[in-house]
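Each chain is listed here by its residues.
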Amino acid sequence: MPELTLKHFILKQQALNLYRQAIRATRSIPDRHTRLETIAWIRCEFERNRNIYDVMLIEDKIASGRRELRQIFPTAYVPHSR
């Protein structure tokens, strides 16, 4: 495991915030089964990318995650990247 920098910790917080926003956005799904499947999919996507340490790749994944969240849940509040 490579040495983690301050940038890694900042990106970790941004990824965690994105995860929380995505989970909150699923509250708008009326069907319980569909909501649970969506939550499972979101969790799987974050778990799949858990061991990425390249800062540029992490930033790209967070940006694409925000875009995807805005596409899937257009009414959800997703702040733009800083």
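Residues numbered from 1 in each chain as written. Predicted model: local features only at pLDDT ≥ 70, side-chain atom pairs only at ≥ 80, totals over all residues. Heavy atoms only, no water.

**Topic: the packing of aromatic side chains**
Geometrically, a pair of aromatic rings is defined through the distance of the ring centres and the angle of the planes. Counted by the stated rule, this structure contains one aromatic pair. Seen from their ring centres, tyrosine 19 and phenylalanine 46 are 5.1 Å apart, and the 75° between their planes marks the pair as edge-to-face. Here tyrosine 19, found in helix 1 (residues 6–25), pairs with phenylalanine 46, found in helix 2 (residues 32–48); they are 27 residues apart in sequence, far enough to count as distant. By relative accessible area, which is 21% here, tyrosine 19 ends up partly exposed. (Phe/Tyr/Trp six-rings, centres within 6.5 Å; stacked < 30°, edge-to-face > 60°. Helix = DSSP H or I, 4+ residues; strand = E, 2+ residues; numbered from the N terminus. Buried < 20%, exposed > 50% of the residue type's maximum accessible area, 1.4 Å probe, protein only.)

**Thoughts on the nonpolar core**
Counting residues in hydrophobic clusters, the biggest one holds ten residues: Leu11, Leu18, Ala22, Ala25, Ile29, Ile42, Ile58, Ile62, Leu69 and Phe73. Breaking this core down by element, the ones donating at least two residues are helix 1 and helix 3 (55–72). Looking at this core element by element, the count peaks at four residues for helix 1. Ignoring sequence-local partners within four residues, the contact set of leucine 18 consists of Phe46, Ile62, Gly65, Arg66 and Leu69. (Core = buried A, V, L, I, M, F, W, Y, C linked by side-chain atoms within 4.5 Å. Contact = heavy atoms within 4.5 Å.)

**Description of the pattern of salt bridges**
Counted according to the given criterion, the structure contains four salt bridges. Ionic pairing is found between arginine 43 and glutamate 47, a salt bridge with its closest N-O pair at 4.0 Å. Here glutamate 47 and arginine 43 lie together in helix 2, a separation of four residues that amounts to about one turn. Judged by relative accessible area, glutamate 47 falls into the partly exposed class, the value being 36%. When salt bridges that share partners are traced, they join Arg43, Glu47 and Arg50 into one network. (Salt bridge = Lys/Arg side-chain N within 4 Å of Asp/Glu carboxyl O.)

**Points about a nonpolar patch on the surface**
A surface patch of nonpolar side chains, amounting to about 380 Å² of accessible area, comprises Leu4, Leu6, Phe9 and Ile10. In this fold, isoleucine 10 is placed in helix 1. (Patch = residues over 30% accessible without salt bridge, like charges linked within 9 Å, V, L, I, M, F, W, Y side chains within 5 Å. Areas by Shrake-Rupley, 256 points an atom, 1.4 Å probe, with all protein chains shown as cover.)

**Re the environment of threonine 5**
When you line up the elements, threonine 5 lands in the segment before helix 1. Overall, threonine 5 belongs to the partly exposed group, its relative accessible area being 37%. Polar side-chain contacts of threonine 5 include one of 2.9 Å to the side chain of histidine 8. (Polar contact = N/O pair within 3.5 Å; in protein donor to acceptor, adjacent residues only side chain to side chain.)

**Digging into the confidence of the model for the chain**
Taken residue by residue, the chain gives an average pLDDT of 92. The fraction at 70 or more is 90%. Of all the helices and strands in the chain, helix 3 carries the lowest mean pLDDT, 95, while helix 2 carries the highest, 97. (pLDDT = per-residue confidence, 0-100.)

**Notes on the packing of helix 1 against helix 3**
Two elements in contact, helix 1 and helix 3, have axes separated by 10 Å at closest approach and are oriented at 20°. It follows from the interaxial angle that helix 1 and helix 3 lie roughly parallel. Like other packed secondary-structure pairs, helix 1 and helix 3 cross with a definite hand, here left-handed. Two secondary-structure elements touch here, helix 1 through Lys7, His8, Leu11, Gln14, Ala15, Leu18, Gln21, Ala22 and Ala25 and helix 3 through Val55, Ile58, Glu59, Ile62, Gly65, Arg66 and Leu69. (Axes fitted to C-alpha atoms, helices over the stretch in contact; angles between N-to-C directions. Parallel < 35°, antiparallel > 145°, perpendicular 65-115°, else oblique. Left-handed = near helix turned anticlockwise from the far one by under 90°.)

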